[in-house]
Amino acid sequence: MMTYIKPQLDTDFNIIPGEDIEILARKMAAAGQKQVAADIACLKSMGEPIHYLLDRKLIKELANGEKFEIELQEDGSEKIIGKIL
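Residues numbered from 1 in each chain as written. Predicted model: local features only at pLDDT ≥ 70, side-chain atom pairs only at ≥ 80, totals over all residues. Heavy atoms only, no water.

## Description of the sheet that holds strand β2 (residues 57-61)
Definition in use: We treat two strands as partners when DSSP finds at least two bridges between them. A run of DSSP states H or I qualifies as a helix once it reaches four residues; a run of E qualifies as a strand once it reaches two. Both are numbered from the N-terminal end. What counts as an axis is a line fitted to C-alpha atoms, over the stretch in contact for a helix, and the angles between N-to-C directions run from 0 to 180 degrees.
Strand order in the open sheet formed by four strands is β1-β2-β3-β4, and the pairing between neighbours is antiparallel. Edge positions in the open sheet fall to β1 (50-54) and β4 (78-84), since each of these has one partner strand only. Looking at each pair of strands side by side, their axes are set apart by 35° on average, direction ignored. Pairing between β1 and β2: five bridges, direction antiparallel. Following the sheet pairing, His 51 is matched in β2 by Lys 60.

Here it is as structure tokens:
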């Protein structure tokens, strides 16, 4: 039986050769979540909107927190369907 120290997933993203695949997968998922949060914070600090799917709806969230359901048009423009409260 292999014993290991449980990694601190918010800080320990080092990949160790031969590491248990479950630990590796958790480290990779945690690293991805941390990077997404950092990227969102960076975009918001620059005043840029973020886009994501919520319940199969395309959402545009402005830097000030306002959220809108949008629809992409064939020409690439956005059509606002409605504000999300």
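So much for the structure itself; the text now carries on.
## Topic: helix α1 (residues 21-45)
Heads up, the condition is: Any helix carries an expected span of 1.5 Å times its number of residues minus one. The definition of a polar contact used here is a pair of N or O atoms within 3.5 Å, where within protein one atom must be able to donate a hydrogen and the other to accept one, and adjacent residues in sequence count solely through side-chain atom pairs.
Its 25 residues place the ends of α1 36 Å apart at the C-alpha level, agreeing with the 36 Å of an ideal helix rising 1.5 Å per residue. For α1, the N-terminal cap is Asp 20; the gap from its side-chain oxygen to the backbone nitrogen of Glu 22 is 3.2 Å. Positive phi appears at Gly 47, one or two residues downstream of α1, with a value of about 80°.

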